[in-house]
Amino acid sequence: MTSIRNLFLLGIALFATSALYAQVSVGVRAGYQNASVRLTENLDALAPDFRAVDGYNIGAVAEIPLGRGFAFQPELSVSRKGFMLNEGTQLDLFNIPIPVNVEAESRFTYLEAPMLLKYKAGEGPVQAYF
């Protein structure tokens, strides 16, 4: 937990110091994640109702120009991903059929802090980034 706090403080420090530059761009991004799950034959036989859980992604981004087309782009984002398993069977108890269903859901929340080095090529309204 301490490393997450330190990483968060580092991100705040980067954004605070980037405000000192005149051409720094700062922004927020958010998104919805709808993933698909590809099953192998063995897993499909064991758990036929295995599916991904929808999630979200929200973060802050800054772009700090370094000169000659290069820029440093630190980001700090929170992302939630996961999967769900729904399995059912029928249990016979004293010749009375009793349906038994189990639903298990796993959700994972990630704190991501990518640090990108970008190179901008081109001038005008259309530019390419590498």
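Description of the structure in this document. The structure displayed is predicted, hence computed values, not measured ones.

Quick word on the layout of surface pockets
Logical step 1: Considering only enclosed or pocket space, the largest pocket measures out at about 170 Å³ in volume.
Logical step 2: Considering the residues around the largest pocket, the lining is formed by 13 residues, among which Glu63, Pro65, Phe70, Ala71 and Lys120 are closest to the centre.
Logical step 3: Within the residue set of the lining of the largest pocket, elements represented by two or more residues are β3 (55–67), β4 (70–93) and β6 (115–121).
Logical step 4: Per element, the largest residue contribution to the lining of the largest pocket is 4 residues, and it comes from β3.
Logical step 5: Looking at the lining of the largest pocket residue by residue, the class counts come to 6 nonpolar, 4 polar and 3 charged.

Details of the packing of aromatic side chains
Logical step 1: Taken as a whole and judged by the stated rule, the model has 1 aromatic pair.
Logical step 2: When the ring of Phe70 is compared with that of Tyr119, the centres are 5.0 Å apart and the planes differ by 55 degrees; the resulting orientation is tilted. Of the two residues, Phe70 sits in strand β4 while Tyr119 sits in strand β6, which places them 49 residues apart along the sequence.
Logical step 3: Judged by its relative accessible area of 37%, Phe70 falls in the partly exposed class.
Logical step 4: Among the residues examined, Tyr119 registers a relative accessible area of 34% and is labelled partly exposed.
Logical step 5: Over the face of the ring belonging to Tyr110 we find Lys81, whose NZ or CZ atom lies 5.3 Å from the ring centre.
Logical step 6: Lys118 extends its terminal NZ or CZ atom over the ring of Tyr129, reaching a point 4.2 Å from the ring centre.

Definitions and limits used
Residues numbered from 1 in each chain as written. Predicted model: local features only at pLDDT ≥ 70, side-chain atom pairs only at ≥ 80, totals over all residues. Heavy atoms only, no water. 1 Å grid on protein atoms, 1.4 Å probe; cavity = no way out; pocket = protein on both sides within 12 Å on 5 of 7 lines; lining within 4 Å. Points joined across faces, edges and corners; volume = space filled by probe spheres on them. Helix = DSSP H or I, 4+ residues; strand = E, 2+ residues; numbered from the N terminus. Nonpolar A, V, L, I, M, F, W, Y, C, P; charged D, E, K, R; others polar. Phe/Tyr/Trp six-rings, centres within 6.5 Å; stacked < 30°, edge-to-face > 60°. Buried < 20%, exposed > 50% of the residue type's maximum accessible area, 1.4 Å probe, protein only. Lys NZ or Arg CZ within 6 Å of the ring centre and 35° of its normal.

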